[in-house]
Amino acid sequence: SKPRMPSIPHGRHRWLLALANVGVARAFYLPGFSPQEYQDGEQVDLKVNKLTSVKTQLPYAYYSLPYCQPNKIMESVENLGETLMGDMIENSPYEIKMRVNETCKELCKVKLDDAQKDRFRSMIEDEYLVNWILDNLPAATRYRRPGGEFTYMDGFLVGIMQNGHYFIHNHVTLDIQYHSNPEKYEGYRIVGFEVEPRSSGAKDVAQACSPNVAALDLDKQDEILYSYDVRWTYSEVRWASRWDSYLKMTGGQIHWFAILNSLLILVFLSGMVAMIMLRTLHRDITQYNEVATAEEAREETGWKLVHGDVFRRPRFSTLLAVSVGSGMQVLGMSVVTLFFAVLGLLSPAHRGSLLQSMMLLFTLMGILAGYTSARFCKVFEGDEGRWKFTTLMTAFLYPGLFFTIFFLLNLCIWGVKSSGAVPFTTMFALLVLWFGVSVPLVFFGAYAGFRKPAIELPVKVSAIPRAIPEQAWFSQPLFTSLVGGILPFGAIFTELFFIMSSIWLHQFYYLFGFLALVLCILIVTCAEISIALTYFQLTSEDYNWWWRSFLSSASSAVYVFLYSIMYLNSRLHMDKTVSVILYYGYMFLISLVFFLLTGSIGTLASFQFVKVIYGSIKVD
């Protein structure tokens, strides 16, 4: 029988950002690197990764605690995504040989001084987890749910605290599953890696595995004996399916209900928009195109009356052009990332690949940002527009804001000597990506956009602005914007919970198929709510719709940030100032990205809508 599992605090799991994103069908899921076959007795390397905590969000190097060290510590080569995530993958002294079982094998003895004991106590209080990797599989701890079924936790606890005493997990049983198929390949493939941690206060290895040995109380002992068992078991699980048990951590059932809920919102909204637009617009256009008598000219639905002002340049038009351009950059990145993710190319098996591909795609999508902002600049200011200034702002305003906040947060992490601090060499690599790739692409896109003829507007802008009648309280910009943001937030609410669990609870996020569906629903919802609110605004003869169309869907980012405050208080229990600053800093960045994404969709949809309705009426 297996030793009793330690009491487990709420979920733990691996950071995969996000701001984006496994296939709805599991057939699309192509995990891991190419499989590696081991022969009997062949050495299998166990690698160690950072120590992580949900309570602090500050990772530390594995060897920052007094664990047994190999003769020479060697770091694995990491990609950009792994470095940004704070991964530190290093070798370990564990000797594991294919299909060779070990019982009570001594690893080493370590004498502890008071500083090291305090370090252990601090780590145990903050519920730090040890993360190991074997053949690219993370170590998992299996524990039983109340319903009787097993679930997995990524990593295992450094130790546990009970009644004011600290107990260190210094004995582990490594339960490794393997699979073989002599018809297809020679040797054995590793398909599972579970760890059963135990606290053992034994002075020598003979006692270490005794079921009656007392746990290792940190306050009573000055020396730790580290020991381990290795248990190989055959498994019917094929190599391609070996990640399935890790990915059971989140239930698909909830996602289907969430998608259904979002679709119902979408159908309701689409029905309402279609009914208003088709019936009311059809009536309006028919009446406007008839020869109007003096009485009919005072028609109560007055969107035709503002035809001379509807395309008037808004205040801060350059900022709007830059915001829409940056929003399209985010949308382009999200769509392409999700496309590759649904194909299974960005699975959790490729550590850091999701974050790295998002960084690279955001850089490459600079061309889309430059093009979009230049096209809008031409709409607002004509051929004499300040397209160079607009392009400079597109290249530097939002990316500069992202980089500055990220740099300041990194200084906070660096200040507490966490391994999560991004090295300055990586910072330099990010700057090279920005200045060497993104900025030239933004200028290239803007040049292409400005060379094209201006977008034809169906009506001319009059020389004198028309007076706007006094608006009702519910037509005020703040109210309509905040109301408009509720529906896009409602469409992504459930998926947001899973993405945040992935980021802050270090869970594996792999439901990219659901996320792709949610992104489609989000795009349509943003477009429809923005079109509906723009129409209502124009019927009340208020032609200042440009910024309103952006903010009516972008305000959903306010709800995302408010939700993050609620999430911190209900799901995370952070008590360190640096951790809270990090949390709010990164959530602000995520909300800002969402703000640009949703706002740009709303503005583009409303612009097309306004062009179509004013193109369908006769104007004197």
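Please refer to the structure placed before this passage.
Chemist: Would you explain the overall build of the protein in this entry?
Modeler: Broken down by element type, the protein carries 16 helices and 16 strands. By principal-axis analysis of the C-alpha atoms, the protein measures approximately 105 × 55 × 45 Å. Taken over 620 residues, the protein has a buried fraction of 57%. Carbon and sulfur atoms make up 62% of the accessible area of the protein, which totals about 27500 Å². Averaging the positions of the 51 positive and the 52 negative side-chain charges in the protein gives two centres separated by 2 Å.

Chemist: What should I look at first to understand the pairing of strand β14 (residues 171–179) in this one?
Modeler: Of all nine residues making up β14, nine are buried, and the element is well covered by its neighbours. Judged by which residues are buried, β14 turns out to be covered on both faces: His-171, Thr-173, Asp-175, Gln-177 and His-179 on one side and Val-172, Leu-174, Ile-176 and Tyr-178 on the other are all buried. Strand direction decides the pairing type here: β14 and strand β15 (residues 189–198), joined by nine bridges, are antiparallel. When the bridges of β15 are listed, Leu-174 appears paired with Val-195. Pairing of β14 with strand β16 (residues 223–234) involves eight bridges; the strand directions are parallel. Residue pairing across strands places His-171 opposite Ser-227, the latter belonging to β16.

Chemist: Explain the state of the cysteines to me, please; I cannot follow it from the model alone.
Modeler: Each disulfide consists of one covalent bond between the sulfur atoms belonging to two cysteines. Evaluated as defined, the whole model comprises one disulfide. Residue Cys-68 pairs covalently with Cys-108 via a disulfide, S to S 1.9 Å. Residues Cys-68 and Cys-108 are joined by a disulfide whose S-S torsion is about -90°; by sign, that bridge is left-handed. Of this pair, Cys-68 sits in the loop between β2 (46–48) and α1 (80–84) while Cys-108 sits in strand β5 (residues 102–111), and the two are 40 residues apart along the sequence. Both residues of the pair, Cys-68 and Cys-108, belong to the buried class. With no disulfide of its own, Cys-520 lies 12 Å from the sulfur of Cys-526, the closest cysteine sulfur. Residue Cys-526 is classed as buried on the basis of its relative accessible area of 0%.

Chemist: What exactly am I supposed to notice about the pattern of salt bridges here?
Modeler: A full pass over the atoms with the stated rule returns 20 salt bridges. Put simply, Arg-351 and Glu-82 hold a salt bridge, and the shortest N to O gap is 3.8 Å. Separated by 269 residues along the polypeptide, Arg-351 in the loop between α6 (317–342) and α7 (353–364) and Glu-82 in helix α1 bring together distant segments of the chain. In this structure, the salt-bridge partner of Arg-466 is Glu-541, at a minimum N-O distance of 3.2 Å. One end of the pair, Arg-466, is in the loop between α10 (424–451) and α11 (477–484); the other, Glu-541, is in the loop between α13 (512–539) and α14 (546–554), with 75 residues separating them in the sequence. Residue Glu-541 is classed as buried on the basis of its relative accessible area of 17%. Shared partners join several salt bridges into a network, and the residues in it are Glu-95, Glu-102 and Lys-105.

Chemist: It is not clear to me how the packing of α6 against helix α9 (residues 387–415) should be interpreted in this structure. Could you clarify?
Modeler: Two packed helices can be described by the angle between their axes and the distance between those axes. At a minimum axis separation of 9 Å, α6 and α9 run at an interaxial angle of 55°. Our classification of the angle between α6 and α9 gives oblique. Once α6 is placed against α9, the crossing between them reads as right-handed. Touching Thr-318, Leu-319, Ala-321, Val-322, Ser-323 and Ser-326 of α6 are Phe-389, Thr-390, Met-393, Thr-394, Leu-397 and Tyr-398, all from α9.

Chemist: I keep staring at the nonpolar core and nothing clicks. Help me out?
Modeler: A general feature of soluble globular proteins is that nonpolar side chains tend to end up buried together. Among the nonpolar cores identified, the biggest contains 164 residues, and Ile-96, Phe-120, Trp-132, Leu-174, Phe-193, Trp-504 and Tyr-614 are the most heavily contacted of them. When residues in this core are grouped by element, the largest group, 19 residues, is from helix α16 (residues 577–615).

Chemist: So what exactly am I meant to see when it comes to the sheet that holds β2 here?
Modeler: One open sheet accounts for four strands, arranged β3-β2-β7-β8; its pairing is antiparallel. Strand pairing shows two members of the sheet lacking a second neighbour, β3 (90–91) and β8 (137–138), which therefore form its edges. Taken together, the two bridges between strand β7 (residues 132–134) and β8 define a ladder with antiparallel strand orientation. Along β8, the bridge assignment pairs Leu-134 with Leu-137.

Chemist: What exactly am I supposed to notice about the packing of helix α8 (residues 366–381) against α10 here?
Modeler: Following both chains from N to C, one finds α8 and α10 inclined at 35°, their axes separated by 6 Å at the closest point. For the pair α8 and α10, the crossing hand works out as right-handed. Facing Gly-366, Ile-367, Gly-370, Tyr-371, Ala-374, Arg-375 and Lys-378 of α8, the residues of α10 in contact are Ser-438, Leu-441, Val-442, Phe-444, Gly-445, Ala-446, Ala-448, Gly-449 and Phe-450. The class makeup of the residues in the contact of α8 with α10 is nine nonpolar, five polar and two charged.

Calculation criteria
Residues numbered from 1 in each chain as written. Predicted model: local features only at pLDDT ≥ 70, side-chain atom pairs only at ≥ 80, totals over all residues. Heavy atoms only, no water. Helix = DSSP H or I, 4+ residues; strand = E, 2+ residues; numbered from the N terminus. Buried < 20%, exposed > 50% of the residue type's maximum accessible area, 1.4 Å probe, protein only. Areas by Shrake-Rupley, 256 points an atom, 1.4 Å probe, with all protein chains shown as cover. Lys, Arg positive; Asp, Glu negative; His and termini not counted. Charge placed at Lys NZ, Arg CZ, Asp CG, Glu CD. Pairing = 2+ DSSP bridges. Disulfide = S-S within 2.5 Å. Salt bridge = Lys/Arg side-chain N within 4 Å of Asp/Glu carboxyl O. Axes fitted to C-alpha atoms, helices over the stretch in contact; angles between N-to-C directions. Parallel < 35°, antiparallel > 145°, perpendicular 65-115°, else oblique. Left-handed = near helix turned anticlockwise from the far one by under 90°. Contact = heavy atoms within 4.5 Å. Core = buried A, V, L, I, M, F, W, Y, C linked by side-chain atoms within 4.5 Å. Nonpolar A, V, L, I, M, F, W, Y, C, P; charged D, E, K, R; others polar.

Everything listed here is a matter of coordinates, which is why it stays silent on function.
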